[in-house]
Amino acid sequence: MNLDLQHSASMTDPLTGLSNRLGVETYLRELPDEITATGVSVVTMELARFGKVNDSLGADLGNKIISTVAKRIQKVFSHADWIARTHGDHFCLVFTGGIDIYEQIELLNDFTQRPLALRGEVIVLSVRIGVSEIGPSVESTSYLLHAAEVALHRAKREQMKRCFFTRNLEHEAKEAHQLENDLRVSLVSNHVELHKAISNNEFKLMYQPIVDVASDTVHAVEALVRWNHPKRGLISPADFIPMAEQIQVMDVLGNWIIRRACSDALTLPTNSDGSHVGVSINISATQFIESEILVSTVKQALEETNIEPQLVKLEITESAAFGSEKIRTIDALRKLGCKTALDDFGTGYSSLTQLNTIPLDYIKLDRSFIAALGGEDQLKDQRSDRITRAVLSIAQTFNLLPVVEGVETSTQCKRLRDYGATLIQGYLFSKPLELDETRKFIENFGKKAQVKGVEHA
Amino acid sequence: MPNLYNLAYISKNTIKGDSEKVREEIKSILASAHKNNPDMGVTGALLYSGGYFCQVIEGPEDVLEELYETIQMDDRHGEVTVLHFEPIEERGFSEWAMALAGIEDDMRFDLDGVLGSKDELKMKETGKDLVAVLEKMVKQHQSVLSGSA
Ligand SMILES: Cc1cc2nc3c(=O)[nH]c(=O)nc-3n(C[C@H](O)[C@H](O)[C@H](O)COP(=O)(O)O)c2cc1C
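Residues numbered from 1 in each chain as written. Chains lettered and ligands numbered in written order. Predicted model: local features only at pLDDT ≥ 70, side-chain atom pairs only at ≥ 80, totals over all residues. Heavy atoms only, no water.

As recorded in an unreviewed UniProt entry, chain B goes by BLUF domain-containing protein and comes from Paragemmobacter amnigenus.

Caption draft 1: Representation of the sheet that holds strand E3 (residues 52-60) of chain B in the model. All names here are of chain B. Ordered by their spatial adjacency, five strands build an open sheet running E4-E1-E3-E2-E5, and the pairing between neighbours is mixed. Of all the strands in the sheet, the pair left with one neighbour each is strand E4 (77-87) and strand E5 (99-104). Pairs of neighbouring strands in the sheet enclose a mean axial angle of 10°, with direction left out of account. Here strand E1 (residues 4-13) runs beside E3; their pairing, made up of nine bridges, is antiparallel. Bridge pairing in E3 places Tyr5 opposite Gly59. Lying on the sheet, helix H1 (residues 19-40) is in contact with E1, strand E2 (43-49), E3 and E5; it crosses E2 at an angle near 170°. Where helix H2 (residues 61-72) meets the sheet, its contacts fall on E1, E3 and E4, and the angle it forms with E3 comes to roughly 155°. (Pairing = 2+ DSSP bridges. Helix = DSSP H or I, 4+ residues; strand = E, 2+ residues; numbered from the N terminus. Axes fitted to C-alpha atoms, helices over the stretch in contact; angles between N-to-C directions. Contact = heavy atoms within 4.5 Å.)

Caption draft 2: A look at the interface of chain A and chain B. Taken residue by residue, the interface counts 16 residues in chain A and 15 residues in chain B. Here chain A and chain B share an interface that buries about 1,300 Å² over both sides, 57% of which is from carbon and sulfur atoms. Counting across the chain A and chain B interface gives three salt bridges. Taking the shortest distance from any N to any O, the salt bridge between Arg72 of chain A and Glu69 of chain B comes out at 2.6 Å. Linking chain A to chain B there are seven residue pairs in polar contact (both at pLDDT 80 or more). Mapped by element, the contributors of at least two residues to the side of chain A that touches chain B are helix H5 (59-76), strand E4 (116-118) and strand E5 (121-123) of chain A. Considering each element in turn, the side of chain A that touches chain B owes the most residues, five residues, to H5 of chain A. Tallied by class, residues from the side of chain A that touches chain B come to seven nonpolar, two polar and seven charged. (Buried area = accessible area lost by both parts, 1.4 Å probe. Salt bridge = Lys/Arg side-chain N within 4 Å of Asp/Glu carboxyl O. Polar contact = N/O pair within 3.5 Å; in protein donor to acceptor, adjacent residues only side chain to side chain. Nonpolar A, V, L, I, M, F, W, Y, C, P; charged D, E, K, R; others polar.)

Caption draft 3: Inspection of the pattern of salt bridges at higher detail. Applying the stated criterion across every chain, the model contains 25 salt bridges over all chains. Ionic pairing is found between Glu65 of chain B and Lys64 of chain A, a salt bridge with its closest N-O pair at 3.2 Å. Here the residue Glu65 of chain B occupies a position in helix H2, and Lys64 of chain A occupies one in helix H5, the pair thus bridging two chains. Judged by its relative accessible area of 5%, Glu65 of chain B falls in the buried class. Residue Lys64 of chain A is classed as partly exposed on the basis of its relative accessible area, which comes to 23%. Between Lys364 of chain A and Glu405 of chain A there is a salt bridge, with the nearest N and O atoms lying 3.9 Å from each other. Of this pair, Lys364 of chain A sits in strand E14 (residues 362-365) while Glu405 of chain A sits in the loop between strand E15 (401-404) and helix H17 (410-418), and the two are 41 residues apart along the sequence. The exposure class of Lys364 of chain A is buried, given its relative accessible area of 1%. Residue Glu405 of chain A is classed as buried on the basis of its relative accessible area of 7%. (Buried < 20%, exposed > 50% of the residue type's maximum accessible area, 1.4 Å probe, protein only.)

Caption draft 4: Structural detail: the packing of helix H11 (residues 250-266) of chain A against helix H12 (residues 291-305) of chain A. All names here are of chain A. With their axes 9 Å apart at the nearest point, H11 and H12 run at an angle of 25° to one another. If you check the angle between H11 and H12, you find them roughly parallel. You can see that H11 and H12 cross each other, and the crossing is right-handed. Every residue of H12 that contacts H11 at Asn255, Ile258, Arg259, Cys262, Ser263 and Leu266 is listed here: Ile293, Leu294, Thr297, Val298, Gln300, Ala301, Glu304 and Thr305. Of the residues belonging to the contact of H11 with H12, the class tally is seven nonpolar, five polar and two charged. (Parallel < 35°, antiparallel > 145°, perpendicular 65-115°, else oblique. Left-handed = near helix turned anticlockwise from the far one by under 90°.)

Caption draft 5: Local environment of empty space enclosed by the protein. Residue and element names in this part refer to chain A. Under the defined criterion, the tally for this structure stands at one cavity of 30 Å³ or more. A volume near 60 Å³ is recorded for the largest cavity. Residue lining of the largest cavity: Ile210, His219, Ala220, Ser280, Lys313, Glu315, Ala341, Tyr362, Lys364 and Val403, and that is the complete set. Contributions of two or more residues to the lining of the largest cavity are made by strand E9 (217-229), strand E12 (312-317) and E14. Considered class by class, the residues forming the lining of the largest cavity number five nonpolar, two polar and three charged. (1 Å grid on protein atoms, 1.4 Å probe; cavity = no way out; pocket = protein on both sides within 12 Å on 5 of 7 lines; lining within 4 Å. Points joined across faces, edges and corners; volume = space filled by probe spheres on them.)

Caption draft 6: Spotlight on the site of the ligand. Residues and elements named next belong to chain B. Around the ligand, 16 residues are found, and the nearest of them are Ser32, Lys35, Asn36, Asn37 and Asp74. Asp74 is positioned with one of its side-chain polar atoms (N or O) 2.6 Å from an oxygen atom of the ligand. Between the ligand and the protein, one listed contact pairs an oxygen atom with a side-chain N or O atom of Arg76 at 3.2 Å. Secondary-structure elements contributing two or more residues to the shell around the ligand are H1, E3 and H2. Looking at the shell around the ligand, the element that brings in the most residues is H1, giving six residues. Each residue belonging to the shell around the ligand can be placed in one class, and the counts come to seven nonpolar, six polar and three charged. (Near = heavy atom within 4 Å.)

Caption draft 7: Structural detail: the packing of aromatic side chains. All names here are of chain A. This model, assessed by the stated rule, comprises eight aromatic pairs over all chains. Plain terms: the ring middles of Tyr27 and Trp82 are 4.5 Å apart, the flat faces sit at 15° to each other, and that makes the pair stacked. Here Tyr27 is found in helix H2 (residues 21-29), whereas its partner Trp82 is found in strand E2 (residues 82-87), with 55 residues between them in sequence. Here Tyr27 and Trp82 have matching classes, each one buried. (Phe/Tyr/Trp six-rings, centres within 6.5 Å; stacked < 30°, edge-to-face > 60°.)

Caption draft 8: Seen up close, the environment of Gly420 of chain A. Within the fold, Gly420 of chain A resides in the loop between H17 and strand E16 (423-425). The spatial distance from the C-alpha of Gly420 of chain A to the C-alpha of Ser393 of chain A is 9.0 Å, given a sequence separation of 27 residues.

Caption draft 9: Up close: the nonpolar core. Residues and elements named next belong to chain A. Counting 65 residues, the largest nonpolar core has Val279, Ile281, Val312 and Leu416 as its most contacted members. Considering every element that reaches this core, the biggest residue donor is H11, with eight residues. Setting aside anything within four residues of it in sequence, one finds Leu416 in contact with Ile370, Leu373, Thr388, Leu392, Val404, Val407, Ala421 and Ile424. (Core = buried A, V, L, I, M, F, W, Y, C linked by side-chain atoms within 4.5 Å.)

Rendered as structure tokens:
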């Protein structure tokens with residue numbers, strides 16, 4: 001190994017003492033031709049369930065896991081030419097010369113998946129691996145890390161244990177990798193950069209109305225973050241939130257969303273019956289890790305804007321693990337006066353025990369339930385109908401207000417209403433709107449309701 | 001003593017060679033343990049049973065973390081399954097840096113469904129069984145030794 005590089009502080013990962021991303025990038029870029037000619041392979045590895053472990057057992061144990069895995073890799077791969085922790089739970093190894101890469105993958109799989117015994121916990125991780133090799137598909141060493149990460153990304157998406165980079169992946173490569181790099185550039189991990197991105201208006205909130213069909217009012221609007229990329233236009237959160245979580249900028253972004261949504265909500269007109277329109281805000285699982293920051297941000301946003309707390313509805317995703325720590329946090333948020341909603345109900349764990357233990361006001365039925373409702377396919381319609389009714393009766397039993405997402409047709413809406421669900425969100429009423437369009441929507445909705453009222457009479 | 005833990009695991013023997021060779025290696029493992037464990041405040045017991053190692057180590061939590069990392073990397077065994085890692089009130093093997101509970105040809109634990117299993121309860125139960133059995137065996141062994149002395 002090149003000791004000068006390996007020992008430079010800016011290229012060292014402080015947690016593990018391994019080289020960081022910059023270190024391996026520099027090493028690969030500066031690799032002499034005569035070594036490159038003997039063959040170069042880059043193996044990237046990610047700990048597959050790490051996010052969940054980190055979330056449920058805490059960041060301190062998370063760090064301990066990372067450093068223990070790093071030590072194992074160092075011990076087993078003393079013959080590797082370079083070892084780095086590229087970010088979060090991602091590691092990277094470089095091999096040169098004629099080496100059996102399959103053997104290396106086997107070793108890596110074996111040693112990283114052996115049980116860990118840390119802080120009185122037994123943890124078994126699984127890993128995913130992406131590989132790239134110098135050759136026809138990758139001609140330059142500076143492209144190798146990127147290519148291996150693209151392969152890893154693919155492995156992750158397709159639930160494979162490992163994936164080799166090929167030319168076909170190249171196109172995807174550009175897309176996915178570029179996005180992640182851009183996000184990094186936009187956010188890095190510090191507030192200054194994020195504030196810059198925010199003041200450049202790169203992030204913005206759009207709002208999708210949640211209509212109450214019983215009272216013909218707008219019950220609330222769900223705040224949806226979009227990244228307004230200077231070159232690529234609007235990017236949906238599904239594409240960048242996971243990355244934001246991975247590079248640990250989600251709390252900064254999440255806090256901005258909370259404050260912005262609360263202050264935007266104050267500018268919304270009231271319904272025609274005088275009731276106020278609430279605002280629904282998605283809270284990411286990673287925001288729960290720094291639970292004190294989350295609670296204090298919400299508290300501050302409420303104080304700054306003076307918004308009535310019960311108008312603020314915090315949406316928590318069901319699939320995240322609910323430990324007692326998390327339940328305490330949700331309790332604290334509710335003590336501030338906010339309402340809480342369980343998002344995507346029915347897609348993840350859907351544990352009824354959870355409904356008993358998590359302090360909640362709403363559950364949001366996942367769109368997949370009602371997608372086939374009232375559709376052409378009778379069998380699918382029946383199935384969809386059955387499960388919708390079952391979930392709605394669960395909501396009723398647990399005294400929770402159901403919100404149904406993804407409603408697109410009036411048949412669906414009528415059916416849901418017959419079953420007692422009156423809070424409806426979806427394209428039938430509106431797609432997500434810019435703030436000023438949202439205001440117009442609320443005003444017009446009131447007027448329309450009045451006209452309809454006259455018609456009904 | 002605060003911060004006292006025990007860790008129990010089962011692993012598969014990968015020592016190549018006949019039973020004599022296996023005995024030799026076990027001797028060398030015990031020699032390492034007798035040399036290193038007292039300084040670390042570690043006690044425990046080791047059983048070789050039907051091609052598997054069963055070991056309990058007890059001591060301060062951070063020391064066990066590190067010792068476990070060393071042991072699990074040892075290429076004389078593989079397929080390590082940790083049955084439990086838990087706080088304890090007192091040691092079960094306080095007089096032994098590493099007691100040899102025995103070397104036997106037949107596996108005495110029901111390992112089906114435990115090795116590679118994700119069933120935590122079952123693993124914990126087997127872990128407790130293992131500790132109990134080892135304690136009993138070590139005591140028997142001890143009385144045999146003192147009886148013959
Ligand atoms: C089944 C098994 C159990 C072991 N138990 C211990 C132990 O309790 N203490 C220990 O120091 N080494 C133990 N070892 C050996 C370690 O893996 C390692 O070889 C040893 O600590 C090296 O130290 P030494 O060079 O001082 O002998 C064990 C190995 C195996 C295969």
